[in-house]
Amino acid sequence: MSLLALDRLTVRRGPCPVVDNVSFAIRAGEVVGLIGPNGAGKTTLMRACLGLMPAEGRVAIAGRPLAELAPADRARIVAYLPQEREIAWPITVEALVALGRHPHRRPGARLSAADRAAVETALEMAEVSAFRTRPATELSGGERARVLMARALAQEAPLLLADEPVAGLDPAHALDLMETLGHLGAEGKTVLVSLHDLTLAARHCTRLVLLRAGRLLAEGPPEAVLSPDTLAAAYGVSAFHAADARGPIVVPTGRIRP
């Protein structure tokens, strides 16, 4: 069964479609990279998958139409890491990560032993245990990104939507985060992650979905989607393709001018 299935998804802003008739499905255990140039519709697509903006077409989560899922049910199935990294309240990092357990708790209930274990695991996976007692508002941008990822991991949802999670991270933490997403897939969970780094997409994603101007331009294995012709059509760039012991390398090298 597909954890996430889109059928002719269309999102409009005024008369113009920002996401235009997009269909694809993601099965359990897949880590699918959502790629494309700025303004291609990646964030809009993710938000529409969560019911955060009006859309046409059909979205199904775990086999159930999105419109039939109550917010609490949806929160137990899907975790979402948005692009925005603002943290409004000066609560501790540990308290912020514990908010990821909200869908599993009764209103007003204290954290259970299972909740505390999930928070501890998430802190360790995101490598933020060392500053669990710090106010979240005093963190750097990269630290905030990792803490918010920990909150999403603490949710323990079978489906994770992560919108540019490596933005603002140093190379080591970006690699660590992508490895964490790979571990989630190996555990049978499902990940849809938007990326701009093509090498990370090629190495860590089982499949890629490429959008251009709101439309699905290509979908399939990374080596097929990241071909020279497709990169030229999507981004207007040429790229250096190579490989080492850890996987493929795809680095844009120049613009292709008309």
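Above this text you will find the structure in question.
Colleague: I would appreciate a short explanation of empty space enclosed by the protein in the present structure.
Modeller: A probe as big as a water molecule, rolled over the atoms, marks out the empty space that is left. Applying the stated criterion across every chain, the model contains 1 cavity of 30 Å³ or more. The volume enclosed by the largest cavity comes to roughly 90 Å³. Surrounding the largest cavity, M125, A126, E127, R146, M149, L153, L169, H173, D176, L177 and T180 form its lining. Those elements that place two or more of their residues in the lining of the largest cavity are α5 (141–154) and α6 (171–186). In terms of residue class, the lining of the largest cavity is made up of 6 nonpolar, 2 polar and 3 charged.

Colleague: Explain the pattern of salt bridges to me, please; I cannot follow it from the model alone.
Modeller: Where charged atoms of side chains with opposite charge meet at close range, the side chains can pair. Within the structure shown, the criterion is met by 13 salt bridges. Taking the shortest distance from any N to any O, the salt bridge between R134 and E143 comes out at 3.6 Å. According to the relative accessible area criterion, R134 is partly exposed, its value standing at 30%. Taking the shortest distance from any N to any O, the salt bridge between R207 and E219 comes out at 2.4 Å. Taken together, the positions of R207 in strand β9 (residues 207–212) and E219 in strand β10 (residues 215–220) put the pair 12 residues apart, joining distant regions of the chain. On the basis of relative accessible area, R207 is assigned to the buried category, the value being 11%. Members of the salt-bridge network, linked through shared partners, are R27, E30, R207 and E219.

Colleague: Sorry, what's going on with the sheet that holds strand β8 (residues 190–194) here?
Modeller: Strand order across the open sheet formed by 6 strands is β6-β7-β8-β3-β9-β10, with mixed pairing between neighbours. Edge positions in the open sheet fall to β6 (78–81) and β10, since each of these has one partner strand only. In this sheet, adjacent strand axes meet at a mean angle of 15 degrees when their direction is disregarded. As judged from the 4 bridges shared by β6 and strand β7 (residues 159–163), these two strands associate in the parallel manner. Paired with V78 across the strands is L159, a residue of β7. Its contacts with the sheet put helix α9 (residues 228–235) on β3 (31–35), β9 and β10, and the angle it makes with β9 is roughly 35 degrees.

Colleague: In this structure, what is going on with the layout of surface pockets? I would like to understand it.
Modeller: Approximately 360 Å³ is the volume attributed to the largest pocket. Lining of the largest pocket is provided by 14 residues; of these, A75, V78, A79, Y80 and Q155 occupy positions nearest its centre. Among the secondary structure elements, those contributing two or more residues to the lining of the largest pocket are α2 (71–77), β6 and α5. Looking at the lining of the largest pocket residue by residue, the classes come out as 10 nonpolar, 2 polar and 2 charged.

Colleague: Would you mind showing me how to read the sheet that holds strand β4 (residues 56–61) here?
Modeller: Neighbouring strands of a sheet are bound in pairs by backbone hydrogen bonds; such pairs are parallel or else antiparallel. The strand order across the open sheet built from 4 strands is β2-β1-β4-β5, with neighbouring strands paired in antiparallel fashion. Each having just a single partner strand, β2 (16–27) and β5 (64–65) make up the two edges of the open sheet. In this sheet, β2 lies alongside strand β1 (residues 2–13) in antiparallel orientation, the contact comprising 8 bridges. In the strand pairing of β2, A5 is matched with A25. Sitting on the sheet, helix α1 (residues 42–49) is in contact with β1, β2 and β4, with an inclination near 115 degrees to β1.

Colleague: Would you take a moment to explain unusual backbone geometry for this structure?
Modeller: Where the residue is not glycine, phi is negative for most of them; where a peptide bond is considered, it is trans in most cases. Positive phi is not limited to glycine here, since A62 has a value of about 55 degrees. Residue classification places A62 among the partly exposed positions, given a relative accessible area of 21%. Phi angles above zero are rare outside glycine, and E164 is one such case at about 50 degrees. Relative to the helices and strands, E164 is located in the loop between β7 and α6. The exposure class of E164 is buried, given its relative accessible area of 17%.

Reading guide: rules and limits
Residues numbered from 1 in each chain as written. Predicted model: local features only at pLDDT ≥ 70, side-chain atom pairs only at ≥ 80, totals over all residues. Heavy atoms only, no water. 1 Å grid on protein atoms, 1.4 Å probe; cavity = no way out; pocket = protein on both sides within 12 Å on 5 of 7 lines; lining within 4 Å. Points joined across faces, edges and corners; volume = space filled by probe spheres on them. Helix = DSSP H or I, 4+ residues; strand = E, 2+ residues; numbered from the N terminus. Nonpolar A, V, L, I, M, F, W, Y, C, P; charged D, E, K, R; others polar. Salt bridge = Lys/Arg side-chain N within 4 Å of Asp/Glu carboxyl O. Buried < 20%, exposed > 50% of the residue type's maximum accessible area, 1.4 Å probe, protein only. Pairing = 2+ DSSP bridges. Axes fitted to C-alpha atoms, helices over the stretch in contact; angles between N-to-C directions. Contact = heavy atoms within 4.5 Å.

Just geometry here; none of it tells us what the structure is for.
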